[in-house]
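Secondary and tertiary structure notes
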Amino acid sequence: MLPGRMRTLCPGLTTPWILSEILSTLDLYPGYWQVEMDMVDMDAIAFVTRQGLYRFMGVPFGLCNAPAMFEWLMESVLKELIWGVCLIYLDAIIVYGTDFYWSMDWLKLGGPRCRN
């Protein structure tokens, strides 16, 4: 049941995430490093120190479009589950459910999909 104020502001709103009892978040910050970069792009963001030339092999978090690119990638991986089971915001997956066990079942199903 929606809180009283939400019922008056948004009558008829039955979005599953608003009716959820439990919200779980998965932080995917380390996932940026697992997305490989093209060789041309590696040269564009290379940097030099006294020890030599260094290139990022994966997408560093600080790049201009890295968060948007990673969110697009996660949305393409979880496209069947968005708005029904989870939401994606930058480097986080927000899983919503009616109880703890339902959320754990989703993690067992959705987790391997993200891992691959």
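Up top is the structure.
What you see is a predicted model; the values in this text were computed from it and never measured. (Residues numbered from 1 in each chain as written. Predicted model: local features only at pLDDT ≥ 70, side-chain atom pairs only at ≥ 80, totals over all residues. Heavy atoms only, no water.)

Turning our attention to the overall build of the chain. Of regular secondary structure, the chain possesses four helices and five strands. Ordered by position from N to C terminus, the α and β elements of the chain give α-β-α-β-β-α-β-β-α. Sorting the 116 residues of the chain into buried and exposed places 27% on the buried side. Across the chain, every contact between residues at least 6 apart in sequence was considered, and the portion connecting residues at least 24 apart equals 48%. A total of about 8400 Å² of accessible surface is found on the chain, and carbon and sulfur atoms cover 61% of it. (Helix = DSSP H or I, 4+ residues; strand = E, 2+ residues; numbered from the N terminus. Buried < 20%, exposed > 50% of the residue type's maximum accessible area, 1.4 Å probe, protein only. Contact = heavy atoms within 4.5 Å. Areas by Shrake-Rupley, 256 points an atom, 1.4 Å probe, with all protein chains shown as cover.)

Moving on: the environment of cysteine 86. Structurally, cysteine 86 can be placed in strand β4 (residues 86-89). When the C-alpha atoms of cysteine 86 and tryptophan 106 are compared, they prove to be 9.2 Å apart, with 20 residues separating the residues in sequence.

This part takes up the sheet that holds β4. What the three strands build is an open sheet, ordered β1-β5-β4; its pairing is antiparallel. The sheet is open, and its two edges are formed by β1 (22-27) and β4, each paired on a single side. Strand after strand, the sheet turns through a mean of 20° between neighbouring axes, direction not considered. Alignment of β4 against strand β5 (residues 92-97), held across four bridges, turns out to be antiparallel. (Pairing = 2+ DSSP bridges. Axes fitted to C-alpha atoms, helices over the stretch in contact; angles between N-to-C directions.)

A separate point is the environment of tyrosine 32. Within the secondary structure, tyrosine 32 is located in the loop between β1 and α2 (39-44). Distance from tyrosine 32 to alanine 66, taken between C-alpha atoms, is 7.8 Å for residues 34 residues apart in sequence.

Our next topic: the packing of aromatic side chains. In this structure the tally under the stated criterion is three aromatic pairs. Ring geometry for phenylalanine 47 against tyrosine 54: centres 5.8 Å apart, planes inclined by 20°, an arrangement best described as stacked. For phenylalanine 47, a relative accessible area of 37% corresponds to the partly exposed category. When the ring of phenylalanine 47 is compared with that of phenylalanine 56, the centres are 5.8 Å apart and the planes differ by 50°; the resulting orientation is tilted. By relative accessible area, phenylalanine 56 is classed as partly exposed at 24%. (Phe/Tyr/Trp six-rings, centres within 6.5 Å; stacked < 30°, edge-to-face > 60°.)

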